[in-house]
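Listed below are the residues making up each chain.
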Amino acid sequence: MLTYKEIREFIERNDSIVIFRHIHGDYDAYGAQLGLKELIKNNYPEKEVYSAGDRDIINPDFLDDMDNPDVETISRSLCIIVDTSTRDRVENKNYLLSGNSIRIDHHPYAEEICKHEMVDPSASSASQLIVELAMDSGWSMSARAAEFLYAGISSDTLKMTIDKVDERLFLDLAFLMKSHFSVNKVNRAIYDQNTELFNKETQLRTRIRFEGDIAYLVLSDKDLKIMNLTYREAKDMVNIMGNIAGIEKYAMFVEYENGYGVSLRSHTHPISWIAEKYGGGGHLNASGISAVKEEDIKYIVKLLKEA
Ligand SMILES: [Mn+2]
């Protein structure tokens, strides 16, 4: 596995760097990507650093624009892939044009994406690994870089409420706080909903089904149209089931082009094996499946009950 020192050496050896992340980026994917870009720009001002991918997330104004350099630039750059567990989840496949790529990730190991990788599932988030890279390297941390990295840590730890929140994470956060960024500003920027979305979420709550210690939501394309919700908006609301007493596991099924996209969550019991059965994956307690058939939903619910 790559060490922080080796990652730093890769960065120092290359004058042009492009940073990639997973499709349907969340704040950890964007935070690690843009936080790392900001850190390299600040600490190696002579280097060219680019971000690749779209900017499709609720509250995108918090993020910087994506650079999406041309294929010629990518092919002569060091490509760094963050927060991505499998090859087909890298949003922009042009990293393959460069023979020079590394990965920094915290998902349970699924497959090799690059020849050189740091994959540390004990970290709360990819953003946390970027913070530790900065600490190990003695890099200066700007408030802007800290905002991105804090956003990633906050969202992947569900606002510091999961088991991976430990002493190591707080020491990393203490380092971030030295840059004097505003936690309050980041929280409001990434979590505030406009009143329209807030009202849609209220509607969605009335459709949650409860069975034993599980809760789940099934939304067909027709449901989305009636509620005027996009696929992305709906999927981002899975956590509305995350703080219900007695509910240990929860799931969301949202219809997409070729089936239902699935999000599975659990407070205690591992559920990633269910996702893997249907070609998905992710973390032990937070996994997803790209597409399942409508008739699979009841089986997945059954497996979730038994988990
Ligand atoms: Mn992540």
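A quick note: this is a predicted structure, and the numbers were derived from the prediction, not measured.

1. Thoughts on the domain arrangement of the protein chain
Under the domain assignment used here, the protein chain contains domain 1 (4-190) and domain 2 (196-306). The straight-line distance from the C-alpha centre of domain 1 to that of domain 2 is 27 Å. If you look at the interface, domain 1 gives 8 residues, while domain 2 gives 9 residues.

2. Quick word on the environment of Asn199
Following the sequence through the fold, Asn199 ends up in helix H8 (residues 195-205). For the pair Asn199 and Met1, spaced 198 residues apart in the sequence, the C-alpha separation amounts to 46 Å.

3. Notes on the environment of Gly31
Tracing the chain through its elements places Gly31 in helix H2 (residues 27-43). Its 34 C-beta neighbours within 10 Å are what place Gly31 among the buried residues. Separated by 157 residues in sequence, Gly31 and Arg188 place their C-alpha atoms 15 Å apart. Excluding anything up to four places from it in sequence, Gly31 contacts Ser127, Phe148, Leu149, Ala151 and Gly152.

4. Quick word on the sheet that holds strand E2 (residues 48-51)
Read across the open sheet, the 5 strands follow the order E2-E1-E3-E4-E5; overall the sheet is parallel. Looking at which strands have only one partner, the edges of the open sheet turn out to be E2 and strand E5 (116-119). The average undirected angle you get between the axes of adjacent strands in this sheet is 15°. Summarising the sheet, strand E3 (residues 78-82) and strand E4 (residues 101-105) pair through 4 bridges and their orientation is parallel. Along E4, the bridge assignment pairs Ile80 with Ile102. Along the sheet face, helix H1 (residues 4-13) touches strand E1 (16-20), E3, E4 and E5 and points at about 140° away from the line of E4.

5. Looking at the sheet that holds strand E6 (residues 209-211)
Within a sheet, adjacent strands bond to each other through the backbone by hydrogen bonds, running parallel or antiparallel. Read from one edge of the open sheet, 6 strands run E6-E7-E8-E9-E11-E10, paired in mixed fashion. The open sheet is flanked by E6 and strand E10 (281-282), the only strands paired with a single partner. In terms of strand pairing, strand E9 (residues 259-266) meets strand E11 (residues 286-292) through 5 bridges, oriented antiparallel. Within E11, the residue paired with Val262 across the bridge is Ile289. Relative to the sheet, helix H12 (residues 297-306) contacts E6, strand E7 (214-219), strand E8 (249-256), E9 and E11, its axis offset from that of E8 by approximately 165°.

6. Here's the deal with the pairing of E2
Here E2 shows a clear split, with Val49 and Ser51 buried on one side and none of Glu48 and Tyr50 buried on the other. Bridge analysis of E1 against E2 gives 4 bridges, and the strand direction is parallel. In the strand pairing of E2, Ile19 is matched with Ser51. Handedness of the crossover joining E1 and E2 through H2 is recorded here as right-handed.

7. Brief notes about the packing of H1 against helix H4 (residues 126-137)
Remark: H1 packs on H4, axes separated minimally by 9 Å, with the N-to-C direction vectors making an angle of 85°. Comparing the axis directions of H1 and H4 gives the class roughly perpendicular. When H1 is examined against H4, the residues Tyr4, Ile7 and Arg8 are found in contact with a partner set consisting of Glu132, Leu133, Asp136 and Ser137. For the contact of H1 with H4, a count of residues per class yields 3 nonpolar, 1 polar and 3 charged.

Criteria and thresholds
- Numbering of residues starts from 1 in each chain and follows the order in which that chain's sequence is written.
- Reporting of local features is limited, given that this is a predicted model, to residues whose pLDDT is at least 70; pairs of side-chain atoms are given and counted only at 80 or more, and all residues count toward the totals for whole chains, interfaces and linings.
- In this entry, domain limits derive from an automatic or database-based domain assignment.
- Think of it this way: build a C-beta for each residue from its backbone, and any pair within 7 Å is a contact.
- Secondary structure elements are taken from DSSP: a helix is a run of H or I of four residues or more, a strand is a run of E of two residues or more, and numbering for both begins at the N terminus.
- Residue burial here comes from a neighbour count, namely the number of other C-beta atoms, placed from the backbone, that lie within 10 Å of the residue's own C-beta, with 20 or more meaning buried, 12 or fewer meaning exposed, and in between meaning partly exposed.
- Strands qualify as paired when DSSP identifies two bridges or more between them.
- Comment: axis = line fitted to C-alpha atoms, over the contacting stretch for helices; angle = value between 0 and 180 degrees taken between N-to-C directions.
- The crossover handedness rule: strands pointing away from the viewer, path from first strand over the helix to second strand clockwise, crossover right-handed.
- Under this scheme an angle from 65 to 115 degrees is roughly perpendicular, one under 35 degrees roughly parallel, and one over 145 degrees roughly antiparallel; angles in between are oblique.
- Only Asp, Glu, Lys and Arg are considered charged, only Ala, Val, Leu, Ile, Met, Phe, Trp, Tyr, Cys and Pro nonpolar, and every remaining residue, Gly among them, polar.

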